[in-house]
Amino acid sequence: MKIAVVGASGRTGRELVRAAAAAGHEIVAVVRDPSRLADPPGEVRVAEASDVAALTAAFQGVDAVASCLGPVPGESAHVLRDGITAVLAAMDGAGVRRLVAISASGWVVDGDDPLSRYVAKPILKRALATANADLEAMEKVIRASHVDWTIMRPPRLQDRPGTGRYKARRDGNVRWAWTIARPDLALAMLDALPDDTAVGQAISVAA
């Protein structure tokens, strides 16, 4: 499979690029600053996350798009919503159907254990209100699209070696699990890409 990784120079994007290349996929790393991606194992195409024309060009010839977009300090409060809107428009222009996009489980309470639902998340709700609103808006844009989408909802991401395994749940968050290593999130995304049963699903993943 030929996969365009949007945000390939970010911490999760780099892990996905490495894992996809190791699994034998062709990689198109879509970045706005190529200097931030050292020794990429595939092709690099330059595009801002808001530039539909550049993204359309970057998505030419790929089989799927993996969005590793995340909030950037100092940028718009709607960076994820606006970024995925541009990605979807570019996918339409390039004729690409398959999308796997990273969201987060923190703004969702379905399936949560009591500690998360009634203690941790109410405390964090006010501090993360802007980020959570952007995540929710991004997911609404994806759900309203006509692509074959899968939304990945990890909890707190950790910069540590992966374990090569993860827990997943499609009807709510993974209970009693609050973190996941970025390499394991990348593995979950790669597993979802060819899985027809993952289309139209929001999948919570955790360690």
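J.: Give a detailed account of the overall build of the protein chain, specifying residues and quantitative values.
T.: Looking only at helices and strands, the protein chain features six helices and 10 strands. The C-alpha radius of gyration of the protein chain comes to 16 Å, within 12% of the 17 Å expected for a compact globule of 207 residues. With respect to the three principal axes, the spread of C-alpha positions in the protein chain is 45 × 35 × 35 Å. Within the protein chain, buried positions represent 45% of all 207 residues. Counting only contacts in the protein chain whose residues sit at least 6 apart along the sequence, the fraction spanning at least 24 positions is 69%. Carbon and sulfur atoms make up 53% of the accessible area of the protein chain, which amounts to about 9900 Å² in all.

J.: Which residues make up the sheet that holds strand 10 (residues 201-206), and what values go with them?
T.: With mixed pairing, eight strands are arranged side by side in an open sheet as 3-2-1-4-5-6-10-8. Across the chains shown, the open sheet's two edge strands, defined by having one partner strand only, are strand 3 (43-46) and strand 8 (167-169). For this sheet the average axis-to-axis angle between neighbouring strands, irrespective of direction, equals 20 degrees. Both strand 8 and strand 10 contribute to a ladder of three bridges, which runs antiparallel. Bridge pairing links A168 to V205 in strand 10. Strand contacts of helix 1 (residues 11-22): strand 1 (2-6), strand 2 (26-31), strand 4 (64-67) and strand 5 (98-102), with the helix running at about 170 degrees to strand 1, the strand carrying the most contacts.

J.: Before we move on, could you go through unusual backbone geometry and cite the residues and values that matter?
T.: For D39, which is not glycine, the phi dihedral falls at a positive 50 degrees. On the secondary structure map, D39 appears in the loop between strand 2 and strand 3. Here D39 falls in the exposed class, since its relative accessible area comes to 74%. Residue W176 is not a glycine yet carries a positive backbone phi of 55 degrees. Using a relative accessible area of 48% as the deciding quantity, one classes W176 as partly exposed.

J.: Which residues make up the pattern of salt bridges, and what are the values?
T.: Any two side chains of opposite charge can pair if their charged atoms end up close together. According to the stated counting rule, one finds 11 salt bridges in the structure shown. Ionic pairing is found between R32 and E48, a salt bridge with its closest N-O pair at 3.7 Å. Of this pair, R32 sits in the loop between strand 2 and strand 3 while E48 sits in the loop between strand 3 and helix 2 (52-58), and the two are 16 residues apart along the sequence. Close ionic contact of R81 with D82 constitutes a salt bridge, the shortest N to O distance being 2.9 Å.

Reading guide: rules and limits
- Residues numbered from 1 in each chain as written.
- Predicted model: local features only at pLDDT ≥ 70, side-chain atom pairs only at ≥ 80, totals over all residues.
- Heavy atoms only, no water.
- Helix = DSSP H or I, 4+ residues; strand = E, 2+ residues; numbered from the N terminus.
- Rg over C-alpha atoms; globule rule 2.2 N^0.38 Å.
- Buried < 20%, exposed > 50% of the residue type's maximum accessible area, 1.4 Å probe, protein only.
- Contact = heavy atoms within 4.5 Å.
- Areas by Shrake-Rupley, 256 points an atom, 1.4 Å probe, with all protein chains shown as cover.
- Pairing = 2+ DSSP bridges.
- Axes fitted to C-alpha atoms, helices over the stretch in contact; angles between N-to-C directions.
- Salt bridge = Lys/Arg side-chain N within 4 Å of Asp/Glu carboxyl O.

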